[in-house]
Amino acid sequence: MTTQFTLNGSTVSVEPYAGERLSETLRERVGARDVKIGCNAGDCGACTVLVDGAPVCACLMPAHQAAGRSVETLGGLAKTDLDALRLAESFQNHGAAQCGICTPGMIVSAVALLREESTPSETQVQDALGGVLCRCTGYRKIIDAVIAAGSTDIPDLTMGHAGEGIRRLDGAGKVAGTEAFGDDVAPQGTLEVLVIRSPFPRAGFQFGDLDAFAQSPGIEAVLTSADIPGRNVFGVIPDFADQPVFAEDETRFRGEAVAAIVGTPEAVRAFDPSQFPVTWEERPASQTVHEAMAENAAQLHADRAGNVMCGGFVQCGDAKAALADADVTVEGNFRSGFVEHGYIEPEAGFAEIVNGRVEIHACTQAPVMDLDAMEIILGMPRELIRIIPTGVGGGFGSKLDLSVQPFLALGALKTGKPVRLTYSRTESMQSTTKRHPSDITLRIGATKEGKIKGFDFFGYFNTGAYASWGPTVANRVPVHASGPYQITDYRAESQGIHTHCPPAGAFRGFGVPQSAIAQESLFDELADKLGIDPLEFRIRNSLENHVPTVCGQVFEQGVGIKSCFEALKSAWDSERTDATAFNAENGTFKRGVGLAGGWYGCGNTSLPNPSTIKSGIRKDGTVVLHQGAMDIGQGANTVISQIYATALGIPVHQLKIVGPDTDVTPDAGKTSASRQTYVSGSAARLSGNAMRTQILAQVNAGADATLDISAGQIKITDQDTAHTIDLATLSADDEGYVLLSQETYDPPTKPLDENGQGIPYAQFGYAAHLVVVEIDTKLGTVKPLKFVAAHDVGKAINPMLVEGQVQGGIAQGLGMTLMEEYIPGRTENLHDYLIPTMGDMPPVETVIIEEPDAHGPYGAKGLGEHVLIPTAPAILNAIKNACGVRLTQVPATPSRVRAAIKDKNNGK
């Protein structure tokens, strides 16, 4: 039946199938791909549109119900609607769009609010936008942007150099809904890939007549391990590569792929999984570390005895002797579970064969790593493979690993036709990596004067069925488990254990948030035993310049943790005074104040970690920056451009940016481990300096000369002397550049010895968080009321983006602490798995500390990972301060908090 409705002011007629979602109609029939789909269940709100002026989740509304009605999407609103236009400017002014995948839903919902209330309150904004989830921003900048939308000014363009909080250079596409994400690039009607996955944590399987099934109407091909021309294996760390594209004999986790079909959209939509010719034999599975280490447990990998993947170890001094000699000691066992990344964009992409080469468009954090892996899987020269990243709607570590890429490439190669694949939310949550569950035992001692004396740490980490980033976690944790403190007698050991669970991989912090919970919780217990203020205890033990870390590394400058703690002192004193007064007047509700510190080493641990940045100038004066660092919302496109423009000495808005593409952009390394600002930023600075040197050498100008690059020429002013370079007189290379600069930076590190001594990272960043919580002691609910977060970033290249990273990281840390617990087979959607909403996130006061690093560009340090590390222990310490109970397992759900309170109060 034909359905007719008005879309953004124009009449459209479509013929949806029975029950077709309005979201699919809008995206696939009329091309409104500014409408995003994050869950298809009404949980995330990304697909919000206005129907007759009211916000509606388009994924929950049958297209037929739109008949005769008016539908508005961001794509239409952004062109003519005054409220939407003001919101777009305000979102950019406040940095309210990070990755941008939730931005259409947010702005559309905000338009509906502003039509009813032109000057909304914070509560009204939270109510109106509360149904739209964001995983990047921490919501606070979105709230600020909506409140300020009625009085938005467009800022004047400045040089945009390092230190200026300019708008994102890529922000316009995010607020207009035009940025293309993984599911936005395939043409309508493209063949679709559907992956067949194991319904059991461990199972044997056998195929029936696949050839007969492949003859089904609309089915173009069936893919299995037999269709892989190269090696059926991938992994992010070559020595630990162990995961098959398709399982061959036995599946090792629920959701593991065994086959895939390629078919028309109609055939895939009608596909009945029970008709696919595969039979399953469920087998006993080990889903916890201790089950997997049992004597009779099945071995997941023949060369990893006892299911131990690998371990990490750091030792200095004599921890056991120091503990025996300490005046006081504390100890505890701390546990955490799987945590889902929860990005709003499920994994998605598109592939096609172009002139005999396979081109893969996908959301990824590491395009060159993707290329490396696909070369192995496809068994073909890398020159015949091209990775073209799309926009990335959040990554946080999981999109470092392969997901859709092999299926897309194999489907395109077997059919010779373009193919697309988008994971469902359940499929994404079943099959992609998670934060490592941890089981940590820690004992710490101290002298009566409050100096740490002895530290003994052991941690098991559930790395799931395959290695992924497990080796990195196992090696990083012992280096970081001390926290940023002076500890002379230290022992830390970790082990990654295989289980029949989804692979645990990289997730903002690589295991350090888990170890920080143990270490910072016990620091509070030590301070209590000693009768020392917890903040003073940390300041007294803080690492400083010229003092060795537990790895024996000594920094001559840039150790800013003490400054971070000192920045919290005023809030620490005032908030505790206020909490004491509140508690004296209230019975059921109690308030507490907690704090914690953290550090994080930027980049790979004791391994090469290079980034390369290329730039060029064309005859017409265009300055092109080949910026290969994936921007997944953190702001790499803007920050790295600011660093380059500062070095070259031109306005940042003059740059033309060429983004990541393995054909045209050098490798800037993966976006992970808080390395891009530091490592790729350093490469950008080198490239800018080298370009500037070339230009000045042309006219023999001094280092302080100023540049003006305009149409066809470069004007150089050297004190009172002016020079002009006519670019038309210079010879151009094959890319059209008359001047070219390509530079590489690799941080100076040294391998760790058998005791973990060495130089694991060239720089660390530092952080300290304070949080105020309110607890309903009868229900066990914990509500954070305020955060104060001090971060030493060396140099804030863009202060507005620093604030956005701080708020977003705190939101993820809050979720990990209070609500997020992924349970395979049970929490595989955004309804059963809870992430923080706009109403969960309190105000955040960000204090930027700048202790310049010796190596970072203009002194800058990484930030993205650091933010999440102190959040959880700060909250747990605040809970203890509020009601006297020490939670040692996260998430601290209401049931766990209430049970702990009852235990403390003899069942009351």
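Just so it is clear, the model here is predicted, and its values are computed rather than measured. (Residues numbered from 1 in each chain as written. Predicted model: local features only at pLDDT ≥ 70, side-chain atom pairs only at ≥ 80, totals over all residues. Heavy atoms only, no water.)

Draft legend 1. View of the overall build of the protein chain. Scanning the protein chain from N- to C-terminus turns up 24 helices and 32 strands. Taking the principal axes of its C-alpha atoms as reference, the protein chain extends roughly 80 × 75 × 60 Å. Expressed as a percentage of its 908 residues, the buried residues of the protein chain come to 62%. A separation of at least 24 residues holds for 78% of the contacts in the protein chain among residues at least 6 apart in sequence. About 31,300 Å² of surface is accessible on the protein chain, with carbon and sulfur atoms providing 48% of the total. Across the protein chain, the centroid of the 73 positively charged side chains sits 4 Å from that of the 106 negatively charged ones. (Helix = DSSP H or I, 4+ residues; strand = E, 2+ residues; numbered from the N terminus. Buried < 20%, exposed > 50% of the residue type's maximum accessible area, 1.4 Å probe, protein only. Contact = heavy atoms within 4.5 Å. Areas by Shrake-Rupley, 256 points an atom, 1.4 Å probe, with all protein chains shown as cover. Lys, Arg positive; Asp, Glu negative; His and termini not counted. Charge placed at Lys NZ, Arg CZ, Asp CG, Glu CD.)

Draft legend 2. Representation of the sheet that holds strand 32 (residues 889-890) within the structure. What the 6 strands build is an open sheet, ordered 12-20-19-18-13-32; its pairing is mixed. In the strand order of this sheet, the two ends are held by strand 12 (308-316) and strand 32, each with one partner. Here 8 bridges tie strand 18 (residues 438-446) to strand 19 (residues 452-464), and the two strands are oriented antiparallel to one another. Paired with Leu-442 across the bridge in strand 19 is Phe-457. (Pairing = 2+ DSSP bridges.)

Draft legend 3. Focus on the packing of helix 12 (residues 367-378) against helix 13 (residues 405-415). With their axes 11 Å apart at the nearest point, helix 12 and helix 13 run at an angle of 45° to one another. Accordingly, the angle class assigned to the pair helix 12 and helix 13 is oblique. Of the two elements, helix 12 crosses helix 13, and the hand of that crossing is right-handed. Facing helix 12, whose interface residues are Asp-370, Met-374, Ile-377 and Leu-378, helix 13 presents Gln-405, Pro-406, Ala-409, Leu-410 and Leu-413. (Axes fitted to C-alpha atoms, helices over the stretch in contact; angles between N-to-C directions. Parallel < 35°, antiparallel > 145°, perpendicular 65-115°, else oblique. Left-handed = near helix turned anticlockwise from the far one by under 90°.)

Draft legend 4. Local environment of the sheet that holds strand 31 (residues 844-849). Spatially, 21-29-30-31 is the arrangement adopted by the 4 strands of the open sheet, whose pairing is mixed. Here the strands that pair on one side only, and so sit at the sheet edges, are strand 21 (589-601) and strand 31. Taking the axes of each pair of neighbouring strands and ignoring which way they run, one obtains an average angle of 20° across the sheet. The pairing of strand 29 (residues 764-776) with strand 30 (residues 781-792) spans 11 bridges and is antiparallel. When the bridges of strand 30 are listed, Asp-776 appears paired with Thr-781. Here helix 19 (residues 569-585) sits on the sheet in contact with strand 21, strand 29 and strand 30, set at roughly 155° to strand 21. Sitting on the sheet, helix 22 (residues 799-818) is in contact with strand 29, strand 30 and strand 31, with an inclination near 145° to strand 30.

Draft legend 5. Representation of the side chain of Gln-365. The residue Gln-365 is located in the loop between strand 15 (357-362) and helix 12 in this model. You can call Gln-365 buried: its relative accessible area is 1%. Among the polar contacts listed, one links the side chain of Gln-365 to the backbone oxygen of Thr-671, at a separation of 2.8 Å. Non-local contacts of Gln-365, meaning those with residues more than four positions away in its chain, are made with Gly-395, Phe-396, Gly-397, Ser-398, Lys-399, Leu-400, Met-630, Ile-632, Lys-670 and Thr-671. (Polar contact = N/O pair within 3.5 Å; in protein donor to acceptor, adjacent residues only side chain to side chain.)

Draft legend 6. Here's a closer look at the pattern of salt bridges. Scanning the entire structure with this criterion turns up 50 salt bridges. Where Lys-399 meets Glu-345, a salt bridge forms, and the shortest distance between an N and an O atom there is 2.8 Å. Taken together, the positions of Lys-399 in the loop between strand 16 (385-389) and helix 13 and Glu-345 in the loop between strand 13 (328-336) and strand 14 (348-354) put the pair 54 residues apart, joining distant regions of the chain. Of the two residues, Lys-399 and Glu-345, both sit in the buried class. (Salt bridge = Lys/Arg side-chain N within 4 Å of Asp/Glu carboxyl O.)

Draft legend 7. How the structure looks around the pairing of strand 29. Among the 13 residues that make up strand 29, 13 are buried, leaving the element largely enclosed by the rest of the structure. Side chains Phe-764, Tyr-766, Ala-768, Leu-770, Val-772, Glu-774 and Asp-776 of strand 29 all project onto a buried face; the interleaved residues Gly-765, Ala-767, His-769, Val-771, Val-773 and Ile-775 project onto the opposite face, where all are buried too. In this structure, strand 21 lies alongside strand 29, joined through 13 bridges in antiparallel fashion. Within the sheet, the bridge partner assigned to Ala-596 lies in strand 29 and is His-769. Here strand 29 folds back onto strand 30 in antiparallel fashion, the turn holding 4 residues, of which Gly-780 has a positive phi close to 85°.

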